[in-house]
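# Close look at the chain arrangement
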Amino acid sequence: MDCHLDPEELEFWESQKRCGEEIDLKLARDLPDDTPDFILRMMDDFEEEAARFCFSGVHGRVLDAGCGNGNLLIRALKDRRSRKNRDTKALEVVGMDFSANMLGRAAARARSDGRAAFLQGSVTDLPFQDQSFDRVVSSGVLTCLPNTSAAAKALQEFYRVLKPEGTLAVDFFSRTSHYTMIRKHLFREPINPPEYVSPSEFYAELDKAGFAVLECRGFDFKPCQGYLFLSPWRRFIDPGFFQERLSSFLERRVLPGRKKLNLLGYRIYVKCIKK
Ligand SMILES: C[S@@+](CC[C@H](N)C(=O)[O-])C[C@H]1O[C@@H](n2cnc3c(N)ncnc32)[C@H](O)[C@@H]1O
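Just so we're clear, the structure is a prediction, and the values are computed from it rather than from any experiment.

### Thoughts on the nonpolar core
Membership of the largest hydrophobic core comes to 31 residues, with the highest contact counts inside it found for Leu63, Val136, Phe158, Leu168 and Leu206. The leading source of residues in this core is helix α7 (residues 148-161), at six residues. Apart from residues no more than four positions distant in its own chain, Leu63 is found in contact with Val94, Met96, Leu126, Phe128, Phe133, Arg135, Val136, Val137 and Val161. Counting 24 residues, the second largest nonpolar core, distinct from the first, contains Phe55, Leu72, Ala76 and Val93.

Laid out in structure tokens, this is it:
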């Protein structure tokens, strides 16, 4: 199908093979084989929390736009509260991605669950009717798009397919987090949209697309690079172990009481409604 894709991008995502294999956390993220358990646990916790934020209170028809291998979607389906809905068929989740490989992996993981369906398509040109979803979730996708106009188009498309009372849950990587600031100013790395945007830029884009922000949830309060991105020699001075624990502590103990601090995180999920 014609998904209006950037060919290089599509090639990259299609190359993430292993379609049909049993997916574990390492495979899902393409982590090195020697990834320490604490990193795997930390990522597991993050995905659990992100899925809870994005899918909390879902009912009716839900679109996971750019569902990848189904990381969040599968967690949401397994959630006890949604399990209660299994009999009444109150929940229907559509996983969409432009990569057939990713979709194959997601479909293999959800095969026994009749509430899930999968379809290939692009977030910039959604293959769905206007106002046909109660919730749209899009996690880790806008940051993968080739330019800002594609990200703006995706937000417009999310608006179009949402019902009037529908909710959008979407995320971005903050350009103003400690981590990105250090990379930008100390290591002179390019920290540009659409991969990295400031909270105010992201909120302005949401506003332009017709959304009002309800709440946000920040993750990953690391001040510097962690284990995942380190070259072998830097592993010996890896501060990841400590900063991941600092992040977890902030996320669990401090942020629930001080919601504005969420905007200081590196990765920020936002929940919005149509204005
Ligand atoms: C980082 S993964 C995130 C997957 C999943 N949402 C999650 O949170 O684990 C990004 C996904 O976005 C998909 N993607 C990137 N650009 C897309 C586009 N224009 N339309 C649909 N999917 C896209 C990729 O194929 C990939 O599966």
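### As for unusual backbone geometry
The omega torsion across Pro193 and Pro194 is 5°, close enough to zero to call that bond cis. Topologically, Pro194 is positioned in the loop between α8 (178-185) and β6 (196-197). Backbone geometry places Arg188, a non-glycine residue, at a positive phi of 55°. Tracing the sequence through the fold places Arg188 in the loop between α8 and β6. What makes Arg188 exposed here is its relative accessible area of 67%.

### Description of the confidence of the model for the protein chain
When pLDDT is averaged across the protein chain, the result is 83; 78% of the residues are at 70 or more. Across the protein chain, element-level confidence peaks in strand β4 (residues 133-138) with a mean pLDDT of 98 and bottoms out in helix α2 (residues 25-29) with 53. The low-confidence segment residues 19-23, where pLDDT is below 50, has 13 contacts with residues more than four positions distant or belonging to other chains. This model gives residues 230-235 a pLDDT under 50, and the stretch forms seven contacts once residues within four places in sequence are excluded.

### What about α8?
Taken as a whole, α8 has its buried residues at Tyr179, Thr180 and Arg183. Taken around the axis of α8, the buried residues stretch over an arc of 95°, which confines them to a single face. Those residues of α8 hidden inside the fold are in contact with β5 (162-174) and β6.

### A word on the site of the ligand
As a matter of local geometry, the ligand sits amid 19 residues, with Gly66, Asp97, Phe98, Val123 and Ser139 nearest to it. Here Gly66 contributes a backbone N or O atom positioned 2.7 Å from a nitrogen atom of the ligand. The fraction of the free accessible surface of the ligand (590 Å²) that becomes covered by protein chains is 92%. Residue composition of the shell around the ligand, by class: nine nonpolar, eight polar and two charged.

### With respect to the pattern of salt bridges
A full pass over the atoms with the stated rule returns 19 salt bridges. Between Asp45 and Arg252 there is a salt bridge; the shortest N-O distance is 3.0 Å. Highlighted residues: Asp45 in helix α3 (residues 37-55) and Arg252 in helix α10 (residues 240-254), separated in sequence by 207 residues. Judged by relative accessible area, Asp45 falls into the partly exposed class, the value being 34%. Notably, a salt bridge pairs Glu92 with Arg61, separated by 3.6 Å at the nearest N-O pair. Residue Glu92 is located in strand β2 (residues 91-97), and its partner Arg61 is located in strand β1 (residues 60-65); the two are separated by 31 residues in the primary sequence. Of the residues examined, Arg61 reaches a relative accessible area of 24% and is grouped as partly exposed. Taken together, the shared-partner salt bridges connect Asp44, Glu47, Glu48, Glu49, Arg52, Arg75 and Arg217 into one network.

Cut-off values and rules
One numbering rule holds for all chains: residues counted from 1, following each sequence as written. Local features in a predicted model are, by the rule used here, given only for residues with pLDDT of at least 70; side-chain atom pairs are given and counted only at 80 or more, and totals for whole chains, interfaces and linings are based on all residues. Water and hydrogen atoms were dropped before computing side-chain values, which therefore reflect all heavy atoms in the structure. Residues belong to a common nonpolar core when they are buried Ala, Val, Leu, Ile, Met, Phe, Trp, Tyr or Cys residues joined through side-chain atoms within 4.5 Å. The buried label applies to any residue whose accessible area, calculated with a 1.4 Å probe on protein chains only, is under 20% of its type's maximum; exposed applies above 50%, and partly exposed to all values in between. Secondary structure counts use DSSP, requiring at least four H or I residues in a row for a helix and at least two E residues in a row for a strand, with both numbered from the N terminus. It only takes one pair of heavy atoms within 4.5 Å for two residues to be counted as in contact. pLDDT expresses how confident the predictor is about each individual residue, on a scale running from 0 to 100. Think of it as the arc spanned by the lines of direction from the helix axis to the C-beta atoms. Any residue with a heavy atom positioned within 4 Å of a molecule or strand is treated as near that molecule or strand. Polar contacts here mean pairs of N or O atoms no more than 3.5 Å apart (in protein, one a potential hydrogen donor and the other a potential acceptor; neighbouring residues in sequence count only if both atoms are side-chain atoms). Calculation of accessible area relied on Shrake-Rupley with a 1.4 Å probe; when residues are assessed, cover is drawn exclusively from the protein chains displayed. When residue character is reported, Ala, Val, Leu, Ile, Met, Phe, Trp, Tyr, Cys and Pro are called nonpolar, Asp, Glu, Lys and Arg charged, and the others, Gly included, polar. Between Lys or Arg on one side and Asp or Glu on the other, a salt bridge is scored when a side-chain nitrogen of the former is within 4 Å of a carboxyl oxygen of the latter.

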